[in-house]
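Take a look at the letters that make up each chain.
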Amino acid sequence: MTKFSALAQKYGTPLYVYNFDTITQKFSALKEVFKARKSLICFAVKANSNLSVLHHMAHLGAGCDCVSIGEVKRALFAGIPKYKIIFSGVGKRDDEIEEALRNDILMLNLESEEEMKRVEIIAEKLGVVARISIRVNPNIDPKTHPYISTGLHENKFGVDIESAKRMYIHAKNSLSLDPVGIHFHIGSQITEVNPFKEAAEVLANLLRNLKALKIDIKFFDVGGGIGIQYKEEETIALYEYAQSIFSALGGLDVTLVCEPGRYLVGDCGYFLTKVLYEKHNGFKRFVIVDGAMNDLIRPSLYQAYHAIEAEGKEGAEKSVCDVVGPVCESGDFFAKNIELPALEHDDLLVVKSAGAYGFTMSSNYNTRSRVAEVALQNGEDRLIRRRETFEDVIALEKACL
Ligand SMILES: Cc1ncc(COP(=O)(O)O)c(C=O)c1O
Ligand SMILES: N[C@@H](CCCC[NH3+])C(=O)O
């Protein structure tokens, strides 16, 4: 029996499995290329927010980049020190700002002048000084899927350079704001160094202007976005990536902050799903599995490719099929027109590179229970989130019936 078959038998399917040793390797590789400078790697919690994953990140020395107060609380609960937590996002509510300030996290990444005013008012009310960073939108094309491109003027994120300057000057003169950081995040699944290099150069120039105005920026935050290999795409040479940022920074004395999500956890994850039926309708071969778009939505939402392997069928003859789930949407598929061997009820399929934006984007659509998550570490496996029951799914409504 293969390792994945044994896990499927022990924990049931559908199932997410994450190899924590892979996370450790990826983290160490990034830390290594940054070692010539002071750096802080803040894992983007949205990619995989399981508490045990965050606890592992804390153990590695990572901080967290969060986009809601819920994520901030998750990070704190999992043991990430408050001075390593960043709060980003275009739409922070007053109560979220207040709680973040009360928790005294490292900084809030601000995305508009309007947001800065709210933070200033709330900080003043609490009698604290809010450490802030400003997300600058450098209008650089990251050459990725339009839904995950964030650094162009047509995107809702960040502010342009002129607005950023005005905001920094205002913040410097405010008694309730302390401008400590500068930030960009131009998109996700970026597979070329050049967009990062261009963005880093634009922001490093702005940083020099700010230093000349005696605005003492301590953190240079290059966001996330490092792509992984789902199919045959190029991946970023980490050394070249780091060097391009170093050369943009020159002799500037700042701590480099990086917010990788997908890079740290994408490759560590596998989604296990079992075959229910094979169906041939005269035109097409469908492999119907027990997992669905509510469990892993990336193929449906971005036409994303995830490699799929049939366990224990190596060498068998293959034919073209679509791998689809039980949800009542034609968009419910994991792959279209891929080659797989003939499959039977209970055969296991392994969907690869599923550690990032997999479980975190899952839902209860069609009243399907969210699946269990399992960690692999040092050759051992352990449950890190139990499968939801029907009772879990209806509990909040049942209480109101
Ligand atoms: C502000 C910010 N930082 C970091 C990330 C993580 O991105 P990725 O998973 O591509 O590294 C995101 C998501 O795109 C983000 O919006
Ligand atoms: N959810 C996207 C990434 C979005 C990044 C968040 N800004 C994906 O699965 O590829």
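Keep in mind that what you see is a predicted model, and the values were worked out from it rather than measured.

Participant: So, the overall build of the protein chain: which residues are in play, and what are the values?
Facilitator: When its secondary structure is counted, the protein chain shows 12 helices and 17 strands. In terms of overall dimensions, the protein chain is globule-like: its C-alpha atoms have a radius of gyration of 23 Å, near the 21 Å expected for 401 residues. Taken along its principal axes, the extent of the C-alpha atoms in the protein chain is 70 × 55 × 40 Å. Looking at the protein chain residue by residue over its 401 residues, the buried ones come to 44%. Within the protein chain, contacts between residues at least 6 apart in sequence are counted, and of these 71% link residues at least 24 apart.

Participant: Outline the domain arrangement of the protein chain, supporting the account with residue identities and numerical values.
Facilitator: Looking at the assigned domains, one finds that the protein chain contains domain 1 (3-15 + 268-393) and domain 2 (34-264). A separation of 33 Å is found between the C-alpha centroids of domain 1 and domain 2. Counting residues at the interface gives 14 residues for domain 1 and 13 residues for domain 2. For the side of domain 1 that touches domain 2, a count of residues per class yields eight nonpolar, four polar and two charged.

Participant: Pulling in residues and values, what's your account of the UniProt feature "binding site: pyridoxal 5'-phosphate" (unreviewed entry) in the protein chain?
Facilitator: As recorded in UniProt, the sites labelled "binding site: pyridoxal 5'-phosphate" (unreviewed entry) are Gly225, Glu259, Pro260, Gly261, Arg262 and Tyr357. By the element assignment, Gly225 lies in the loop between strand E8 (219-221) and helix H9 (238-249). A residue is classified by how many C-beta atoms lie within 10 Å of it, and Gly225, with 31 of them, is buried. With residues near it in sequence (within four places) discarded, Gly225 still touches Pro142, His185, Ile186, Gly187, Ser188 and Ile190. With respect to the helices, strands and loops of the structure, Pro260 is situated in the loop between strand E9 (255-258) and helix H10 (262-265). A count of 24 C-beta atoms within 10 Å places Pro260 in the buried class. The contacts of Pro260, once residues within four sequence positions are left out, are Leu30, Ile41, Phe43, Ala44, Gly224 and Ile226.

Participant: Could you give me a rundown of the packing of helix H5 (residues 94-102) against helix H6 (residues 113-126), with the residues and numbers involved?
Facilitator: H6 packs onto H5 with a crossing angle of 50 degrees between their chain directions and a minimal axis gap of 10 Å. The angle between the axes of H5 and H6 places the two elements in the oblique class. Crossing geometry of H5 relative to H6 is assigned as right-handed. For the pair H5 and H6, the contacting residues are Asp94, Ile97, Glu98, Leu101 and Arg102 in the first and Arg118, Val119, Ile122, Ala123 and Leu126 in the second. Across the contact of H5 with H6, the residue classes tally to six nonpolar, no polar and four charged.

Participant: Give a detailed account of the site of ligand 1, specifying residues and quantitative values.
Facilitator: Around ligand 1, the structure places 16 residues, and the nearest of them are Ala44, Ser188, Gly224, Gly261 and Arg262. A breakdown of the residues in the shell around ligand 1 according to their chemical character gives six nonpolar, seven polar and three charged.

Participant: Break down the nonpolar core for me, citing the residues and quoting the values.
Facilitator: One finds Cys64, Ile85 and Val119 to be the most contacted residues of the largest nonpolar core, which totals 108 residues. Taken together, domain 1 (3-15 + 268-393) and domain 2 (34-264) each give at least three residues to this core, which thus spans both. Setting aside its immediate chain neighbours within four residues, Ile85 contacts Gly63, Cys64, Cys66, Val72, Ala75, Ile80, Ile105 and Leu106.

Participant: Describe the UniProt feature "active site" (unreviewed entry) in the protein chain, naming the residues involved and giving the relevant values.
Facilitator: Taking the numbering used here, the UniProt-annotated feature "active site" (unreviewed entry) corresponds to Cys328. Inspection of the secondary structure assignment puts Cys328 in the loop between strand E13 (318-324) and strand E14 (333-341). Classification of Cys328 as exposed rests on a count of 9 C-beta atoms within 10 Å.

How each quantity is defined
- Residues numbered from 1 in each chain as written.
- Chains lettered and ligands numbered in written order.
- Predicted model: local features only at pLDDT ≥ 70, side-chain atom pairs only at ≥ 80, totals over all residues.
- Helix = DSSP H or I, 4+ residues; strand = E, 2+ residues; numbered from the N terminus.
- Rg over C-alpha atoms; globule rule 2.2 N^0.38 Å.
- Buried ≥ 20, exposed ≤ 12 C-beta atoms within 10 Å, placed from the backbone.
- Contact = placed C-beta atoms within 7 Å.
- Domains from an automatic or database assignment.
- Nonpolar A, V, L, I, M, F, W, Y, C, P; charged D, E, K, R; others polar.
- UniProt positions renumbered as here; feature names shortened; annotations may be inferred.
- Axes fitted to C-alpha atoms, helices over the stretch in contact; angles between N-to-C directions.
- Parallel < 35°, antiparallel > 145°, perpendicular 65-115°, else oblique.
- Left-handed = near helix turned anticlockwise from the far one by under 90°.
- Near = placed C-beta within 6 Å.
- Core = buried A, V, L, I, M, F, W, Y, C linked by C-beta atoms within 7 Å.

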